[in-house]
Amino acid sequence: MISVNDFRTGLTIEVDNAIWRVMDFQHVKPGKGAAFVRSKLRNLRTGAVQEKTFRAGEKVAKAQIENRKMQYLYANGDQHVFMDNESYDQVELPEASIEYELKFLKENMEVSIMMFGSETLGVELPNTVELEVIETEPGIKGDTASGGTKPAKVQTGLVVNVPFFVNEGDVLIINTTDSSYVSRA
């Protein structure tokens, strides 16, 4: 058991027979009444996001999530196949459960698969990924003074706003938490 006062972003907990990841939390101490913790939780089974309030000091069960390193192999219809690098076991995940992560996955990429016992919960991406630009408007010389951006489509189909100097064929570093451009690789 863990106290809600010890919440931190990324912590996995078990509440109401569901497994949740803490996305955001805030300790609130009103002038009148008891303190509480307001949290934003993501259900790891369904992907649903819910805001939940806990009384200060309330105890919740900590979910024991195991992260296994796996390699993304290919898509098989609406199933996506991952292979364990050590045992060569293959796991299939439905497209609906990893819809957001697919924007960053490319073949042979190594990711962490979240396991709760023998149940596969989903994919945990690295903080940044390197993706190649396949489509963007050409930059115009001298058009960088304003510091503007233009849309660029990367190899996974994700569209990212990038600076004007980025061209087709450039490899970019993309932040996976908010789909933003970080830099060129």
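Residues numbered from 1 in each chain as written. Predicted model: local features only at pLDDT ≥ 70, side-chain atom pairs only at ≥ 80, totals over all residues. Heavy atoms only, no water.

Asker: What am I meant to see in the sheet that holds strand β7 (residues 66-76) here?
Answerer: One key point about sheets: their strands pair by backbone hydrogen bonds, in either a parallel or an antiparallel sense. Taking strand neighbours across the sheet as the criterion, the 5 strands line up as β9-β8-β7-β10-β11 in an open arrangement whose pairing is antiparallel. Every other strand in the sheet has two partners, leaving β9 (90-94) and β11 (119-124) as the edge strands with one partner each. Sheet twist, expressed as the average angle between the axes of neighbouring strands with direction ignored, equals 45°. In terms of strand pairing, strand β10 (residues 110-116) meets β11 through 5 bridges, oriented antiparallel. From the neighbouring strand, F116 faces β11, where its bridge partner is E119. (Pairing = 2+ DSSP bridges. Helix = DSSP H or I, 4+ residues; strand = E, 2+ residues; numbered from the N terminus. Axes fitted to C-alpha atoms, helices over the stretch in contact; angles between N-to-C directions.)

Asker: Looking at this structure, I do not really get the sheet that holds strand β15 (residues 171-175). What am I missing?
Answerer: In spatial order, the strands read β14-β13-β12-β15-β16; together these 5 strands make up an open sheet with antiparallel pairing. Looking at which strands have only one partner, the edges of the open sheet turn out to be β14 (159-163) and β16 (180-184). Each strand axis lies, on average, 55° off the axis of its neighbour in the sheet, ignoring direction. Where strand β12 (residues 128-136) meets β15, 5 bridges bridge the pair, whose relative direction is antiparallel.

Asker: Where do I start with the side chain of K150 in this structure?
Answerer: By the element assignment, K150 lies in strand β13 (residues 149-154). Buried charge without a salt bridge: K150, with E137 as the nearest opposite-charge side chain at an N-O distance of 6.6 Å. Among the polar contacts made by the side chain of K150, one reaches the main-chain carbonyl oxygen of F164 at a distance of 3.1 Å. (Buried < 20%, exposed > 50% of the residue type's maximum accessible area, 1.4 Å probe, protein only. Lys, Arg positive; Asp, Glu negative; His and termini not counted. Salt bridge = Lys/Arg side-chain N within 4 Å of Asp/Glu carboxyl O. Polar contact = N/O pair within 3.5 Å; in protein donor to acceptor, adjacent residues only side chain to side chain.)

Asker: Explanation requested: the pairing of β12 in the structure shown.
Answerer: The pairing of β12 with β13 spans 3 bridges and is antiparallel. Paired with T136 across the strands is A152, a residue of β13.

Asker: Help me understand the pattern of salt bridges, please; the structure alone is not making it clear to me.
Answerer: Oppositely charged side chains may form a pair once their charged atoms are brought near each other. A complete count under the given rule lists 5 salt bridges for this structure. Notably, a salt bridge pairs E124 with R21, separated by 3.1 Å at the nearest N-O pair. Linking E124 in strand β11 with R21 in strand β3 (residues 18-28), this pair joins segments that are 103 residues apart in sequence. A relative accessible area of 27% places E124 in the partly exposed class. The class of R21 is buried, set by a relative accessible area of 19%. Here R68 makes a salt bridge to D84, at a shortest N to O gap of 2.5 Å. Residue R68 is found in strand β7, and its partner D84 is found in strand β8 (residues 79-84); the two are separated by 16 residues along the sequence. Judged by its relative accessible area of 21%, R68 falls in the partly exposed class.

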